[in-house]
Amino acid sequence: MHHLQLRAPKRSKSFTGPQSWEELTPKQFLQFMRWQLTLQASLEGQIVLLQLWYRIPGRWLQRLDGEKLTRLLKLLEFLHQLPTRWMMSRLCLGFRTYVGPGDNLECLTFGEFMFAEAAVSRYRAGKNREDLAELAAVLYQPRALPWQKESDGKRAVFDRRRLEGAKKRFLRLSDAVLHGILLNYTGCMEAFPVQFEYLFKRSDESGGASGTWLDVGLNLARNTGALGTFQQLEQTNLFLVLPTLDKMIQESEEFKTNLEKK
């Protein structure tokens, strides 16, 4: 947390607020999303965030000149980067609690990842709110009940047959929550092209339907038994699958390069 001291004519007072995404609460994250959506990320809205998060009375901010206020706003510079920490770890819908994919998507399975990527691609192409709801329904699974099989993070195992019903429930969420999930997912994905260089280069170059993650998964299941059947592949943690895929593509490209040199 960042500790700030402001001075008034007769006294000074200390204020404390977040200095990184890790220190934001889910409530503060939604305040940030509302600033993005309703205030178009305006400077005035940023001042409101500073006031809310540090609990600075408005009269104290009114006393500051432009230079001092600019210095204060630098405390929020971390907002210019996307979060890799999962900002809303749980959502409550009806009587069920839904658990998110964890920081850096650490709990996500490869099957969930394929469906999440498909939903994001459709949303970016058509800006359809239903695609955001589907993304949320894929990334958030119900907390596993005692008799249910659970995946990482104590989440119920993803079942594509329940996806349509779950999407309808997630459509009830506010725009701030749905867009916050998309922003958080995008932030977590930023490191992937560096972590899995060959895999993401191949995905970018393929383009069209043949470049979807579903196609990558189907081809892997068809051509190798390294990760079991396709059903087993779907339920395997993402960070067990992607390094294997990346290594396979690297070896394939190196083999092709060596053949061309001969």
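Up top you'll find the structure we're talking about.
Each value, and the rule that gives it
Residues numbered from 1 in each chain as written. Predicted model: local features only at pLDDT ≥ 70, side-chain atom pairs only at ≥ 80, totals over all residues. Heavy atoms only, no water. Helix = DSSP H or I, 4+ residues; strand = E, 2+ residues; numbered from the N terminus. Buried < 20%, exposed > 50% of the residue type's maximum accessible area, 1.4 Å probe, protein only. Polar contact = N/O pair within 3.5 Å; in protein donor to acceptor, adjacent residues only side chain to side chain. Contact = heavy atoms within 4.5 Å. Phe/Tyr/Trp six-rings, centres within 6.5 Å; stacked < 30°, edge-to-face > 60°. Patch = residues over 30% accessible without salt bridge, like charges linked within 9 Å, V, L, I, M, F, W, Y side chains within 5 Å. Areas by Shrake-Rupley, 256 points an atom, 1.4 Å probe, with all protein chains shown as cover. Salt bridge = Lys/Arg side-chain N within 4 Å of Asp/Glu carboxyl O. Lys, Arg positive; Asp, Glu negative; His and termini not counted. Charge placed at Lys NZ, Arg CZ, Asp CG, Glu CD. Expected span 1.5 Å × (residues − 1).

## Brief notes about the side chain of glutamine 28
(1) Moving on: Looking at the element boundaries, glutamine 28 is found in helix 1 (residues 26–38).
(2) Moving on: Classification of glutamine 28 by relative accessible area gives buried; the value is 14%.
(3) Moving on: Separated by 3.0 Å, the side chain of glutamine 28 and the backbone nitrogen of threonine 25 make a polar contact.
(4) Moving on: With residues near it in sequence (within four places) discarded, glutamine 28 still touches Pro18, Glu23 and Trp53.

## So, the packing of aromatic side chains
(1) Moving on: A full pass over the atoms with the stated rule returns 15 aromatic pairs.
(2) Moving on: Judged by centre distance (5.7 Å) and plane angle (75 degrees), the ring pair of phenylalanine 192 and phenylalanine 239 falls under edge-to-face. You can see phenylalanine 192 sitting in helix 9 (residues 192–195) and its partner phenylalanine 239 sitting in helix 13 (residues 238–261), a full 47 residues away along the chain.

## Re a positive patch on the surface
(1) Moving on: Together, Arg11, Lys13, Arg59 and Arg63 make up a region of like positive charge exposed at the surface.
(2) Moving on: Judged by its relative accessible area of 35%, lysine 13 falls in the partly exposed class.

## Some points on helix 6 (residues 129–139)
(1) Moving on: Within helix 6, 9 of the 11 residues are buried, which leaves it mostly tucked inside the rest of the structure.
(2) Moving on: Turning to helix 6, its buried residues are Asp131, Leu132, Ala133, Glu134, Leu135, Ala136, Ala137, Val138 and Leu139.
(3) Moving on: Those residues of helix 6 that are buried are in contact with strand 4 (96–99), helix 5 (110–126), strand 5 (141–142), strand 7 (155–156), helix 7 (163–170) and helix 8 (175–189).
(4) Moving on: A side-chain oxygen of the first residue of helix 6 lies 2.9 Å from the backbone nitrogen of glutamate 130; this N-cap is asparagine 128.

## Some points on helix 5
(1) Moving on: Taking 1.5 Å as the rise per residue, helix 5 with 17 residues should run 24 Å; its terminal C-alpha atoms sit 25 Å apart, in good agreement.
(2) Moving on: Buried residues of helix 5: Phe110, Gly111, Glu112, Phe113, Met114, Phe115, Ala116, Glu117, Ala119, Val120 and Tyr123, and no others.
(3) Moving on: Looking one or two places after helix 5, you find lysine 127, whose phi comes out positive at around 55 degrees.

## Comments concerning the environment of leucine 139
(1) Moving on: Inspection of the secondary structure puts leucine 139 in helix 6.
(2) Moving on: On the basis of relative accessibility, which here comes to 0%, the residue leucine 139 falls in the buried class.
(3) Moving on: For the pair formed by leucine 139 and leucine 108, sequence separation is 31 residues and the distance between their alpha carbons is 7.4 Å.
(4) Moving on: For leucine 139, the contacting residues outside a window of four places in its chain are Trp86, Val99, Gly100, Pro101, Leu108, Ala116, Arg155, Ile181 and Tyr185.

## Structural notes on unusual backbone geometry
(1) Moving on: The phi dihedral of lysine 127 is positive, around 55 degrees, even though this residue is not glycine.
(2) Moving on: By relative accessible area, which is 55% here, lysine 127 ends up exposed.
(3) Moving on: Positive phi, close to 60 degrees, is recorded for lysine 154, a residue that is not glycine.
(4) Moving on: Here lysine 154 shows up in the loop between strand 6 (150–151) and strand 7.
(5) Moving on: For lysine 154, a relative accessible area of 57% gives the class exposed.

## A few points about the pattern of salt bridges
(1) Moving on: Counting across every chain of the model gives 9 salt bridges.
(2) Moving on: Between glutamate 164 and lysine 167 there is a salt bridge whose closest N-O contact spans 3.6 Å. On the criterion of helical spacing, the pair formed by glutamate 164 and lysine 167 is a turn pair, its members being 3 residues apart in helix 7.
(3) Moving on: The class of glutamate 164 is partly exposed, set by a relative accessible area of 46%.
(4) Moving on: For lysine 167, a relative accessible area of 10% gives the class buried.
(5) Moving on: Overlapping salt bridges, with partners in common, bring together Arg122, Asp131, Glu134, Glu164 and Lys167 in one network.

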